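Geometric and topological summary
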Amino acid sequence: MHAGREKLSDLGVHAPPIDLSTTYPFSDLGAAVESLEALASGKGSVANPIYSRLLNPTVARFEEAFAQLEGTEAAVSFASGMAAMTACLLAARNEGKSHIVGVRPIYSSTDKLLTSGYLGFDATWTTADGIADAIRPETALVLIETPVNPTIELQDIAAAAKAAGNVPLCVDSTFASPVLQQPASLGAELVMHSGTKFLGGHSDVLAGVVACSEEWAERLREVRIFTGAILHPLSGYLLHRGLATLPLRVLRSQENAQVLAERLEAHPSVSRVFYPAVEGCDPNQLLERQMAGPGPMLSFEVEGGFDAANRLMQNLQLITPAVSLGSVDTLIQHPAGLTQRFVSEETRASGGVSEGLLRVSVGIEHPDDLWDDLRTSLES
Ligand SMILES: *Cc1c(COP(=O)(O)O)cnc(C)c1O
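Calculation rules
- Residues numbered from 1 in each chain as written.
- Predicted model: local features only at pLDDT ≥ 70, side-chain atom pairs only at ≥ 80, totals over all residues.
- Heavy atoms only, no water.
- Helix = DSSP H or I, 4+ residues; strand = E, 2+ residues; numbered from the N terminus.
- Contact = heavy atoms within 4.5 Å.
- Areas by Shrake-Rupley, 256 points an atom, 1.4 Å probe, with all protein chains shown as cover.
- Lys, Arg positive; Asp, Glu negative; His and termini not counted.
- Charge placed at Lys NZ, Arg CZ, Asp CG, Glu CD.
- Near = heavy atom within 4 Å.
- Polar contact = N/O pair within 3.5 Å; in protein donor to acceptor, adjacent residues only side chain to side chain.
- Nonpolar A, V, L, I, M, F, W, Y, C, P; charged D, E, K, R; others polar.
- Axes fitted to C-alpha atoms, helices over the stretch in contact; angles between N-to-C directions.
- Left-handed = near helix turned anticlockwise from the far one by under 90°.
- Expected span 1.5 Å × (residues − 1).
- Buried < 20%, exposed > 50% of the residue type's maximum accessible area, 1.4 Å probe, protein only.
- Core = buried A, V, L, I, M, F, W, Y, C linked by side-chain atoms within 4.5 Å.
- Pairing = 2+ DSSP bridges.
- Right-handed = clockwise from strand over helix to strand, strands pointing away.

Right, let's talk about the overall build of the chain for a bit. Within the chain, the secondary structure is distributed over 14 helices and 12 strands. A sequence separation of at least 24 residues applies to 72% of the contacts in the chain between residues at least 6 apart. Entry remark: accessible area of the chain is about 16300 Å², with carbon and sulfur atoms responsible for 52%. In the chain, the 26 positive side-chain charges and the 45 negative ones have mean positions that sit 3 Å from each other.

A separate point is the site of the ligand. Contacts to the ligand come from 13 residues, most closely from Met82, Asp172, Ser194, Thr196 and Lys197. Between Thr196 and the ligand, the recorded distance is 2.6 Å, taken from a side-chain N or O atom to an oxygen atom. In this structure, an oxygen atom belonging to the ligand sits 2.8 Å away from a side-chain N or O atom of Lys197. Taken together, the residues that form the shell around the ligand break down as five nonpolar, five polar and three charged.

Moving on, we get to the packing of helix α10 (residues 233–265) against helix α14 (residues 367–379). At their nearest, the axes of α10 and α14 sit 10 Å apart, and the two run at 35 degrees to each other. Viewed along their axes, α10 and α14 form a crossing whose handedness is right-handed. Residue-level contacts link Arg252, Asn256, Val259, Leu260, Arg263 and Leu264 of α10 to Pro367, Asp368, Leu370, Trp371, Leu374 and Leu378 of α14. Grouping the amino acids of the contact of α10 with α14 by side-chain chemistry returns eight nonpolar, one polar and three charged.

What follows concerns helix α4 (residues 81–93). For α4, with 13 residues, the first-to-last C-alpha span of 19 Å sits near the 18 Å given by 1.5 Å per residue. With 11 of its 13 residues buried, α4 lies for the most part within the structure.

Attention now moves to the nonpolar core. Ranked by internal contacts, the top residues of the largest apolar core, which has 43 residues, are Phe66, Ile144 and Leu169. Examining the composition of this core, we find that five residues originate from one element, helix α3 (residues 57–70), more than from any other. Those residues in contact with Leu169, other than ones at most four positions away along the chain, are Val142, Ile144, Ile157, Ala160, Ala161, Gly187, Ala188, Glu189 and Leu190. Residues Phe78, Ala84, Ala92 and Cys170 belong to the second largest nonpolar core, which totals 30 residues.

So, on to helix α5 (residues 108–115). Within α5, six of the eight residues are buried, which leaves it mostly tucked inside the rest of the structure. Among all positions of α5, only Ser108, Ser109, Thr110, Asp111, Leu113 and Leu114 are buried. Phi for Gly117, located one or two positions after α5, is positive at around 80 degrees.

The next thing to look at is the sheet that holds strand β10 (residues 320–321). Taken together, five strands build an open sheet; the order of strands is β8-β9-β12-β11-β10 and the sheet is mixed. Because the sheet does not close on itself, it has two edges, and the strands there are β8 (270–274) and β10.

The next thing to look at is the pairing of strand β2 (residues 99–103). Among the five residues in β2, five count as buried, and that is most of the element. The alternating pattern of β2 places His99, Val101 and Val103 and Ile100 and Gly102 on opposite faces, both of which are buried. As judged from the five bridges shared by β2 and strand β3 (residues 122–126), these two strands associate in the parallel manner. Bridge pairing links Gly102 to Trp125 in β3. Between the parallel elements β2 and β3, the chain passes through α5 in a crossover that is right-handed. Here four bridges tie β2 to strand β4 (residues 139–145), and the two strands are oriented parallel to one another. The residue of β4 that forms the bridge with Gly102 is Leu143.

Nothing here speaks to function; it is geometry throughout.
So this is what it looks like as structure tokens:
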């Protein structure tokens, strides 16, 4: 609520100003050179921002607040979650290493980014148990995601950090938000989020952010300056505002998700519910060890595959069929047809993504309204 809002009273305002300047006037060339050199080597705070691709004060306020939420020294934001992921990979390669160990399943664009070879990385895909064996001398980064999209399985963060040894661990923590888990406290060096989801929370901001040590932040800022995938100041303002209500939104959505998971489980047209609190979904008891709750994301399988899933979504009146997640309103989508489209059929199948699977990002509406909509649609 209060982080990143320091010195507002000194400015005579209550809401943080949105600074849209692209350039910042200087009065002394020597001081300007000093600021520019500090920024180019990744420093996050200088006397003069010089140029807004290097630093923006509105965005910096959001980053400061976000770092406090994740319990890290710093945070660096980007134009999208994928820009943040790309920056993590490039910052890790600074040491001349270009091998990545990734645990599947993982967000499908991240999977595609690495398998495509766009960035020149060599990726080894493995399971959580295979991390230690997959590591080579030239491994730059170990990459995991938890909870996993779209089956909401949990990965053991502390065990992954241990298996990674000296290789840094990057955790995509988008589905949990910092309200439900803080991977840095479990050994992750880089905690990456798509800010587009819970942090923005209203389906109107595209963003990414990485929480980390100041040392990593300097590398990430350098990558950001020279690749240019910066966050727009208006988005920085909206994300910062979003943080003020983040716990309320996440916890209310989670309460609703618990109600829906229970009712879906008891419904005869639903063959399976994927939700960490549902029996059998969290075999290693990670929910208690690393999360403050099962979260707002759930998936379920209907009998009748693609056509049944399509009909169910067409009959909904309140819940919106759309990709993305983490919004105040409830969204539903079909992973096999949409969000998992960028990975091969085998990868989809081994990740438990069937044609009857639907993923729900539960919002903050009244739970009875949500259930009425789902039940009516299931029954028709
Ligand atoms: C959405 C998402 C991303 C990518 O973020 P964008 O903001 O869409 O670029 C990465 N990881 C996860 C888990 C996501 O849900």
